[in-house]
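Descriptive analysis of the structure
Next come the chains, spelled out residue by residue.
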Amino acid sequence: MRPRSRRCSSSRAITSCPSRGGSRFCLGSASVPISGRTTASFGCPTGARSTRLRARSASRCRCMECSAIRSRRTSRCGPASRSTACSRPSASRARARASGPRRCTWGCRSSFIFTFSSLYLGPPGPLPSAAMVDPIRLEAASNRFRAFFDELHHLFLERDDVLLQLTLALLSREHLLVTGPPGTAKSQLASAVLGRILDEETGAPSLYARQIGESTVQTDLIGPIDFKTLMETGRTEHFTDEGMLGAVHAFLDEIFDGRDMLLRSALNVLHEREVKQGGQVKRGRIECALMTTNRYIADVLESSRETLLAFVDRIAFVSFVPRGFADPNQLGLVLRRHVGGSSRPLLESTLSVQDLDALQHLVDEVYVSDPVCDGLAMLLERFDRELNAAVRADPAFVPTRYISTRTAVRSGRVLRAAVVADRLLHNPKRSLEVLPSDFKWLRLHLLLSGPTPDQTEALIGRESDPNERRQLGIVRTERSIFESCLAQMPPIHVKPRPAAVDTPRPDAVTVPADAGKKKKRKSEPPPPEDKPRVMVEQAIASKDATRLLVAMRELGAQARAGSIDAAHAGALVKDATGALTALVLRRGIDAAAGGETRPIGEVVRDLSRLAAEIEDGTAGTRAVARWLRGRALVMVDEAAGHAAGASSTDLVASIIDDGTEAQKRARARIEALESLYEQRRELLGQGAVHETGEEKAWQRAVAAAEDDITILLDISLRSVVTSALKSAPSRRLAEVLAAIAPELDRLDVMATRLAGVRGAPSSLKEKVTGPRLGALIEVVFKGFDARDRTALVREVEALVAVLGRAGLARAIAAEAFLGWAAEALLRGDAAPNVGEGQTHDYDGYRRLRGTERRVSSAYTLAEIALVVAAEGVREAPSPAEAAAAIAAACGKLPEAVRGRVVAGDLARIGRSLDYLERFWRDLENHADGAEASLRAIVQSRFFDLLWDEGALTRFALEARNVAEVFPAHAAEVDAVRHRIDALDARTRTAVTELFRQRSDAAWAQALRTGNA
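Everything numeric in this text was worked out from a predicted model, so none of it was measured.

Some remarks on the overall build of the protein
Helix and strand content of the protein: 38 helices and 19 strands. Burial status across the protein gives 49% buried among its 1012 residues. Contacts in the protein between residues at least 24 apart in sequence constitute 74% of all its contacts with a sequence separation of at least 6. Entry remark: accessible area of the protein is about 48400 Å², with carbon and sulfur atoms responsible for 53%.

The structure is reproduced here in structure tokens:
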């Protein structure tokens, strides 16, 4: 009877043969029978090694120790009967529970990382350690994990604690609760993390997401009811694979909006990762749940402390996200990252569930010594005592959690995860051992984590909401208590980790190497040629990856047909895969070390082709292929970072000022970058990961190349502008720009190509034209007639329009425009010649005003600022802030220029005030009585100037405008305003007194006439 062969989705399943002759293990695409009593040791849901999996039918198999079965139809594991109690001794079950939830290998993600380069065959043994994890997989997983969280820290500002808590939660398979007011990006954070952790077998996240509300019921979390079983047997069972237990990660939004009964039913699901229904227990895949709420945790615990404290106690990490930033500048940075620029995705790195598996095995290997356990107990006892003292001292203080035995045990797991997190993110050389210095990580587990102490103080200082202030105060108090307890800890002397000793297990059976072999007799003929071995040896000697892969597939086919012994096939496959691994490593290291003399592009294509040949869908080949592509990616980035496409001809072109050759060399640099970019994009699309975790190398390389290309194109632009100036005698900017338009078009094309390889807009055109165009425009400004201020503003508007049509609107800074305009205004601001000793009258004042500029320089500069800094003014939320933006732009002028502009405007007002003051003194000298003085004043038309024409009002407004445009010179402006107010008061008082005298004389005359 030929044994049946079945495969699971992970290509790592073992199945058994219905006959007694042997069992099978899966090798890539071939199932190889194992003769005799040899079995393979893999993980099962209870964490124990499994014995031979005995086939029940064509579609289901049972683990004889944990009674778990796998359905080929549904590709998931579930209980074989009502009870999944393991038949192993109780001590074994206790160890399995203490080590945390495990997953069945057959059909699920395995706790045994199986690679194509090693087969674990032989007597059943203990679970494999982290040292048995494929080192390539572990290194790649570490790099992706680091890049994944580096991007998150860059995007989510002032959220360091919650991101560290997420790191520990994923590594320790624990849960996280994020609290805080609405609009603080809690859901976005969950999506950015859990939505980018993909299952390599499906290419999609293994994520269960649910918005919790009043109508949410138990079946929404656990899974719908199996009505067929309910109708046939009366038992209530759930399809747990469609609920939270069926996914590796979960996101529960607004968790406290559910009813208390829902939270109670979720307690066992969250902590035990299983659902209990009478005598039946269903285990799930859930590892980490991220929960959010818009409510403050202090208010939540006060409302129903008994129920919710038990719920929170099952959550390892609790975080608080304040509604604002401690640093006000962070909001602008958030807007620039989320809104500014193009719509490129802010997050590009991904992580896989299998990556987390490898890192979680590393967590299991962390050693915790007895002195560390004693120190942990001491710290927890002291922290619990200080929390209780704080509650007694301040009844309004509500601690986030109490120190239960569950919390204490979980603290040890958190410390293990903290060691691995520290190794991944900060200290790659540290040992896998908990040290007393790692206790500082426990604040992320024991406290309500949130802003740093400095950030908390800043937030409390400006917060007006009492609920927010209270929650921030709790964060501050808990942090202070924890740091005080940690500082009071006595020294802990850690014992060294004991060396591992391999001791034979009692049930292990040692089989001699020559067991089963017949002794060779002299008369026997020589053994037949071992063709499979010869095939493998020839493939190894060829050093050809394709031949090695063909040999491995041929061994699988022969083993499947029964023409070769399974043990012999396994040994030969191991030799072939070892040679293939060595070949791949040698090729990758030699290429990255510069051992190749061919062009970089050819070497990268060969490495990519080799990776495609090696990858056959198994986890091991996928890891090696990804490593090869990562090597190729490093080569691409290194080539781009070291002047890809550059040549010594670049230097020759710059020395001889050959514009045509400079353009040719610039195009060659861009073409080289484009070629590398296409290779890089292809590698990333195939799953390559930068082996050093450096994801910004390409951006730096493109930026450096842009600077080099700028130098080359500057040579080309200079030759074109020189010809244009010769052909445009008037040297008006519009004529010059029209002459160099083809060169500007070429700059646009090159900038577009650079933007394509950079993934962001290029500033090539501004870099090339900006420094040179400024000098050209300065020459144009020198030709403007600044005596007509209105005409000057029109000229600037036309100039900006010409630059805009040429695509150079941002090539010249606003302060440069204002500086040139101010110099032009000062050149045209000559003081008129006012003769001394002349008679001061109305006509003389009109002649003086006719020689003065009608518009002040400050007002003209403000109008020009509206034109050249229009974008900043338009974005101002109010007119007052728009005026402030204009003042800020004008304030960037050099101090000497500002002083000359202010002095010129105030001198212009002062000359008019001087004339009016002398005019009034001449009128005051006519002391012939009130009647005569009034007639002289009226005939002089002095008050026609002050009142009818509003001279003083106009002077006051002009002075105010100078102060608004140049606030730093407000003191000088105030002195002029005092003169204006003094002249107004002096003339008004004198006229009032003359009218009073005339009125008194008229009344006296009237009374005398009445008496007569």
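Quick word on the sheet that holds strand β17 (residues 317–320)
In spatial order, the strands read β12-β13-β16-β10-β17-β19; together these six strands make up an open sheet with parallel pairing. Of all strands in the sheet, those with a lone pairing partner are β12 (207–211) and β19 (448–449), marking the two edges. One ladder, built from five bridges, connects β12 with strand β13 (residues 249–253); its direction is parallel. If you follow Ala209 over to β13, its bridge partner there is Phe251.

Some points on helix α33 (residues 879–890)
The end-to-end C-alpha separation of α33 is 17 Å, in line with the 16 Å expected for 12 residues at 1.5 Å each. Every buried residue of α33 is listed here: Ala882, Ile886, Ala887, Ala889 and Cys890. Angularly, the buried residues of α33 cover 160° about the axis, an arc narrow enough to put them on a single face. If you follow the buried residues of α33, they end up packed against α29 (814–827), α31 (857–868), α32 (870–874), α34 (895–924) and α37 (951–965).

Observations concerning the side chain of Glu287
Position of Glu287 among the secondary structure elements: in the loop between β15 (280–283) and β16 (288–293). On the accessibility criterion, Glu287 (4% relative accessible area) is buried. At a separation of 3.1 Å, a polar atom in the side chain of Glu287 contacts the side chain of Gln360.

Observations concerning a nonpolar patch on the surface
Among the surface-exposed residues, Leu331, Leu335 and Val339 lie close enough to one another that they form a single nonpolar patch of about 300 Å² accessible area. Classification of Leu335 by relative accessible area gives partly exposed; the value is 47%.

Description of the pattern of salt bridges
Here the structure, examined in full by the defined rule, presents 34 salt bridges. One salt bridge connects Glu958 with Arg908, and the closest N-O pair in it is separated by 2.9 Å. You can see Glu958 sitting in helix α37 and its partner Arg908 sitting in helix α34, a full 50 residues away along the chain. Pair check on accessibility: Glu958 and Arg908 agree, each one buried. One salt bridge connects Asp914 with Arg979, and the closest N-O pair in it is separated by 2.5 Å. In this pair, Asp914 is assigned in helix α34 and Arg979 in helix α38 (residues 970–1011), connecting sequence segments 65 residues apart. Look at Asp914 and you get partly exposed, because its relative accessible area is 29%. Take Arg979: its relative accessible area is 29%, and that puts it in the partly exposed class. Each of Asp422, Arg430 and Asp438 takes part in a single network of salt bridges with overlapping partners.

Details of the packing of aromatic side chains
Working definition: an aromatic ring pair is given by the centre-to-centre distance plus the angle between the planes. The final tally for this structure, using the stated rule, is 11 aromatic pairs. Look at Tyr845 and Tyr915: their rings are 6.0 Å apart centre to centre, the planes differ by 50°, and that puts the pair in the tilted class. Remark: Tyr915 occurs in helix α34 and Tyr845 occurs in helix α30 (residues 842–851); sequence separation between them is 70 residues. Tyr915 matches Tyr845 in its accessibility class, with the two residues each being buried. Ring plane angle 85° and centroid distance 5.4 Å describe the contact between Phe942 and Phe943, whose orientation is recorded as edge-to-face. We classify Phe942 as buried; its relative accessible area is 0%. Taken together, Phe919, Trp920, Phe942, Phe943 and Trp947 form an aromatic cluster joined through their ring pairs. Arg941 extends its terminal NZ or CZ atom over the ring of Tyr842, reaching a point 4.0 Å from the ring centre.

Notes on the environment of His271
By the element assignment, His271 lies in helix α7 (residues 260–272). Separated by 96 residues in sequence, His271 and His175 have C-alpha atoms that sit 8.9 Å apart. In contact with His271, not counting residues within four places along its chain, are Arg314 and Arg406.

Concerning the nonpolar core
Formed by 128 residues in total, the largest nonpolar core has its most connected members in Ile777, Phe817, Leu818, Leu861, Leu916, Phe955 and Phe966. Leave out the neighbours within four places in its chain, and Leu818 touches Leu861, Ile864, Ala865, Val868, Ala889, Cys890 and Leu893. Leu189, Tyr296, Val368 and Leu387 belong to the second-largest nonpolar core, a separate cluster that totals 113 residues.

Observations concerning unusual backbone geometry
Unlike most non-glycine residues, Glu254 shows phi in positive territory, near 55°. Among the secondary structure elements, Glu254 is positioned in the loop between β13 and α7. On the basis of relative accessibility, which here comes to 8%, the residue Glu254 falls in the buried class.

Details of the packing of α30 against α34
For any two helices packed against each other, one specifies the inter-axial angle together with the distance between the axes. Taken N-terminus to C-terminus, the directions of α30 and α34 make an angle of 175°; their axes are 11 Å apart at the nearest point. Between α30 and α34, the angle is such that the two are roughly antiparallel. Between α30, through Tyr842, Gly844, Tyr845, Leu848 and Arg849, and α34, the contact on the second element is made entirely by Arg908, Arg911, Ser912, Tyr915, Leu916 and Phe919. A per-class count over the contact of α30 with α34 returns six nonpolar, two polar and three charged.

Digging into α38
For the α-helix, the turn length of 3.6 residues means that residues three or four positions removed from each other point alike. Across its 42 residues, α38 extends 61 Å between first and last C-alpha, which sits within 8% of the 62 Å expected from 1.5 Å per residue. For α38, the complete set of buried residues consists of Val973, Val976, Ile980, Leu983, Thr987, Val991 and Leu994. Elements in contact with the buried residues of α38: α34, α35 (930–940), α36 (942–948) and α37.

Quick look at the confidence of the model for the protein
A residue-level look at the protein finds 74% of positions with pLDDT of 70 or above and a mean pLDDT of 74. Low pLDDT (under 50) marks residues 1–131, which in the prediction has 276 contacts with non-local residues, meaning those over four places away or in another chain.

Focus: the packing of helix α2 (residues 135–155) against helix α3 (residues 160–172)
Where α2 contacts α3, the two axes come as close as 10 Å, and the packing angle between them is 155°. Of the possible angle classes, the one that applies to α2 and α3 is roughly antiparallel. The chirality of how α2 crosses α3 is right-handed. Each of Phe145, Phe149, Leu152 and His153 in α2 lies in contact with α3, whose residues at this interface are Asp160, Leu163, Leu166, Thr167, Leu170 and Leu171.

A short note on the environment of Val275
Position of Val275 among the secondary structure elements: in strand β14 (residues 274–277). Measuring from C-alpha to C-alpha, the distance between Val275 and Thr240 comes to 8.5 Å, with 35 residues separating the pair along the chain. Residues contacting Val275, with those up to four places away along its chain left out, are Ile222, Thr240, Leu245, Gln280, Val281 and Lys282.

Criteria and thresholds
Residues numbered from 1 in each chain as written. Predicted model: local features only at pLDDT ≥ 70, side-chain atom pairs only at ≥ 80, totals over all residues. Heavy atoms only, no water. Helix = DSSP H or I, 4+ residues; strand = E, 2+ residues; numbered from the N terminus. Buried < 20%, exposed > 50% of the residue type's maximum accessible area, 1.4 Å probe, protein only. Contact = heavy atoms within 4.5 Å. Areas by Shrake-Rupley, 256 points an atom, 1.4 Å probe, with all protein chains shown as cover. Pairing = 2+ DSSP bridges. Expected span 1.5 Å × (residues − 1). Arc of directions from axis to C-beta. Polar contact = N/O pair within 3.5 Å; in protein donor to acceptor, adjacent residues only side chain to side chain. Patch = residues over 30% accessible without salt bridge, like charges linked within 9 Å, V, L, I, M, F, W, Y side chains within 5 Å. Salt bridge = Lys/Arg side-chain N within 4 Å of Asp/Glu carboxyl O. Phe/Tyr/Trp six-rings, centres within 6.5 Å; stacked < 30°, edge-to-face > 60°. Lys NZ or Arg CZ within 6 Å of the ring centre and 35° of its normal. Core = buried A, V, L, I, M, F, W, Y, C linked by side-chain atoms within 4.5 Å. Axes fitted to C-alpha atoms, helices over the stretch in contact; angles between N-to-C directions. Parallel < 35°, antiparallel > 145°, perpendicular 65-115°, else oblique. Nonpolar A, V, L, I, M, F, W, Y, C, P; charged D, E, K, R; others polar. pLDDT = per-residue confidence, 0-100. Left-handed = near helix turned anticlockwise from the far one by under 90°.

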